[in-house]
Amino acid sequence: MNCLQFRRKLLEDPTRQEDDFLTHAGQCAGCRAEYLRCQAFEQELLAALQVPPPAGLREEIIHQHPGRAATGTKHRRWLLTGLAASLLLGIGIGMRLTVFAGPSLQQEVIGHIAHEMPLLEGPADHWVDNDRLRRLFTGLGGELDGELGRVRHAGRCHMDGGDGLHLVVQGERGPVTLLLMPAQPVDGVLPLQAGEFQGVIMPLDHGSMAVVGNNGEPVMHLAERVRKSVHWHL
Amino acid sequence: MKPSQTTFEELVDAHYAELYHFALARCGRADLAQDLVQETFSRAWGARRQLQSVQRARAWLYTTLRREHARLYERQRPETRPSEQLPVVPVSDRHCDPDSLALLQVLERLADNYREPLLLQVLGGFSCAEISAMLEISENTVCTRLYRARRQLRSALDDEPKKVLAR
Ligand SMILES: [Zn+2]
Ligand SMILES: [Zn+2]
């Protein structure tokens with residue numbers, strides 16, 4: 001390796017460990033000085049970029065996800081996994097039978113919830129702050145005007161037809177899932193029932209929303225409140 | 001060799017700070033950077049079973065954050081969309097050390113296709129080959145961009161350190 005090659009390689013990746021590269025640095029004083037100068041520059045660059053993250057970011061990330069699933073929820077999880085599997089099976093068979101009809105929106109909603117089952121597990125001991133919620137809505141071209149109550153999870157999720165928001169709020173009978181699907185229109189109100197879950201899918205000014213809770217949860221009540229607070233400017 | 005097993009919490013501890021640095025350097029706003037990191041780990045939680053090897057997890061996290069960042073700009077309405085370069089960053093909010101400030105200022109003037117591979121290498125510690133896979137461009141192109149990025153940074157700093165310091 002000559003000096004020209006060395007200096008090119010150095011600026012491509014100063015952390016290279018190849019033998020011929022390191023050997024040249026060991027044997028050529030000029031390139032060794034350049035090598036050291038480059039390492040110092042990398043350190044400066046790294047230090048400049050390492051702005052301390054906001055206090056509490058770590059806790060927010062950890063609490064967003066119930067890593068400590070309570071034992072009582074294990075059974076439910078199995079049930080749901082089974083349910084999701086049977087739904088997926090249904091989707092597979094359905095597609096072979098009728099080429100044009102995809103899975104129903106109800107099936108997709110239950111499948112989505114089942115797929116992200118951990119969001120419903122564990123104790124709810126951390127709430128998403130309203131600023132973050134509003135930013136999530138703004139990011140999708142919407143607006144949240146009002147309160148959704150105690151929100152234990154909020155994130156953007158890929159849904160059929162486009163991105164939407166996946167929220168989990170604390171209901172009267174446990175966690176309630178809200179899927180806001182601005183790119184998924186529906187014609188009217190669709191009831192939904194699967195295992196121990198029940199809910200409703202209803203139209204919004206753009207697209208639709210699913211509200212799904214445990215059996216006995218007054219989902220219509222919550223659905224009305226969300227419908228009044230959420231606006232899409234699409 | 002058996003890959004080291006990590007829990008979700010260990011994954012967060014190992015990477016959340018560097019991902020925040022990457023996000024902040026990409027979008028220039030602390031609140032958005034925070035959202036990007038949270039979104040990324042939200043997805044990591046869903047994929048946590050595939051993320052048990054540390055090295056794979058790191059590449060996965062950076063790739064996911066890049067995708068989330070791209071989506072952020074896709075989604076923004078035209079009037080709020082920043083011009084093709086970075087949004088104007090109040091650099092002074094982030095750093096008081098003048099050398100760092102000067103460095104960040106020249107970094108922000110780099111073209112985005114030079115800046116991104118450089119950030120991936122400096123913050124994520126990825127090699128040219130790894131960056132090539134992440135950005136889906138040839139390894140040669142990545143190497144060239146990294147070489148030029150560092151050349152440009154250095155010459156910009158050599159040219160006007162006094163000017164920046166005097167601000
Ligand atoms: Zn030499
Ligand atoms: Zn989801």
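On a predicted model such as this, the values are computed, not experimentally measured, just so you know.

Here is what the cut-offs are and how they apply
- Each chain has its residues counted from 1, following the order in which its sequence is written.
- Chain letters start at A and ligand numbers start at 1, both assigned in the order the entries are written.
- Thresholds applied to this predicted model are a pLDDT of at least 70 for local features of residues and 80 or more for the giving and counting of side-chain atom pairs; totals over whole chains, interfaces and linings are not thresholded and use all residues.
- Based on all heavy atoms of the structure, the side-chain values leave hydrogens and waters out of the count.
- The predictor attaches a confidence to each residue, and that confidence, scored 0 to 100, is pLDDT.
- Numbering of helices and strands starts at the N terminus; helices are DSSP runs of H or I of at least 4 residues and strands are runs of E of at least 2.
- Throughout, a contact is declared for two residues whenever any of their heavy atoms are within 4.5 Å.
- Here's how the labels work: a residue is buried when its accessible area is under 20% of the maximum for its type, exposed when over 50%, partly exposed in between, all with a 1.4 Å probe on protein chains only.
- To qualify as a nonpolar core, a set must consist of buried Ala, Val, Leu, Ile, Met, Phe, Trp, Tyr and Cys residues joined through side-chain atoms within 4.5 Å.
- Each metal's donors comprise the N, O and S atoms found within 2.8 Å of it (within 3.2 Å for Na, K or Ca). Water is not part of the atom list, so some coordination spheres may appear incomplete.
- For a four-donor site, all angles between 85 and 135 degrees give tetrahedral; for four or six donors, opposite pairs above 155 degrees with the remaining angles between 65 and 115 give square planar or octahedral; all remaining cases count as irregular.
- The axes used here are C-alpha line fits, helices contributing only the stretch in contact, and every angle between their N-to-C directions lies in the interval 0 to 180 degrees.
- In this scheme, roughly parallel covers angles under 35 degrees and roughly antiparallel covers those over 145, while 65 to 115 is roughly perpendicular and the rest are oblique.
- When residues are sorted by character, Ala, Val, Leu, Ile, Met, Phe, Trp, Tyr, Cys and Pro go into the nonpolar class, Asp, Glu, Lys and Arg into the charged class, and all the rest, Gly among them, into the polar class.

1. What to know about the confidence of the model for chain B
Residue and element names in this part refer to chain B.
Thinking step 1. Taken as a whole, chain B shows an average pLDDT of 80; of its residues, 78% reach a score of 70 or greater.
Thinking step 2. The least confident element of chain B is helix H8 (residues 161-166), whose mean pLDDT is 50; the most confident is helix H5 (residues 112-124), at 96.
Thinking step 3. Counting contacts from residues 1-5, a segment whose pLDDT is below 50, to residues more than four positions away or on other chains yields six contacts.
Thinking step 4. Scored below 50 in pLDDT, residues 77-93 shows 24 contacts in the model against residues more than four places distant or in partner chains.
Thinking step 5. As a predicted assembly, this complex carries a pTM of 0.60 together with an ipTM value of 0.84.

2. Section: the environment of Ala33(B)
All names here are of chain B.
Thinking step 1. Counting through the fold element by element, alanine 33 comes out in helix H2 (residues 30-46).
Thinking step 2. The exposure class assigned to alanine 33 is buried, which follows from its relative accessible area of 0%.
Thinking step 3. Remark: the alpha-carbon pair of alanine 33 and leucine 65, spanning 32 residues in sequence, is separated by 9.7 Å.

3. Here's the deal with helix H4 (residues 57-64) of chain A
Thinking step 1. H4(A) sits mainly inside the fold: six of its eight residues count as buried.
Thinking step 2. Along H4(A), the residues classified as buried are Leu57(A), Arg58(A), Glu60(A), Ile61(A), Ile62(A) and Gln64(A).

4. Describing the nonpolar core
Thinking step 1. Among the nonpolar cores identified, the biggest contains 59 residues, and Leu49(A), Val37(B), Phe41(B), Leu107(B) and Leu118(B) are the most heavily contacted of them.
Thinking step 2. Apart from the residues within four sequence positions on either side, Leu107(B) is in contact with Leu45(A), Leu49(A), Arg115(B), Leu118(B), Leu119(B) and Leu153(B).
Thinking step 3. In this structure, Val128(A), Val211(A), Ala223(A) and Val226(A) belong to the second largest nonpolar core, which totals 26 residues.

5. Topic: the coordination of the zinc ion (ligand 1)
The reference angle at a metal is 109.5 degrees if four donors form a tetrahedron and 90 or 180 degrees if six donors form an octahedron.
Residue and element names in this part refer to chain A.
Thinking step 1. Protein coordination at the zinc ion (ligand 1): the donors are Cys3 (SG), His24 (NE2), Cys28 (SG) and Cys31 (SG), at 2.1 to 2.4 Å from the metal.
Thinking step 2. Around the zinc ion (ligand 1) sit four donor atoms, and with donor-metal-donor angles ranging over 101 to 116 degrees the site reads as tetrahedral.
Thinking step 3. When its relative accessible area of 36% is taken as the criterion, cysteine 3 is described as partly exposed.
Thinking step 4. Look at cysteine 28 and you get buried, because its relative accessible area is 19%.

6. Considerations on the packing of helix H7 (residues 130-139) of chain A against H2(B)
The relative placement of two packed helices is expressed as an angle between their axes plus a distance between the axes.
Thinking step 1. Closest axis-to-axis distance for the H7(A)/H2(B) pair is 11 Å, and the angle between their directions is 85 degrees. The angle between H7(A) and H2(B) falls in the class roughly perpendicular. On H2(B), the residues touching Arg132(A), Arg135(A) and Leu136(A) of H7(A) are Asp31(B), Asp35(B), Gln38(B) and Glu39(B).
Thinking step 2. Here the residues of the contact of H7(A) with H2(B) sort into one nonpolar, one polar and five charged.

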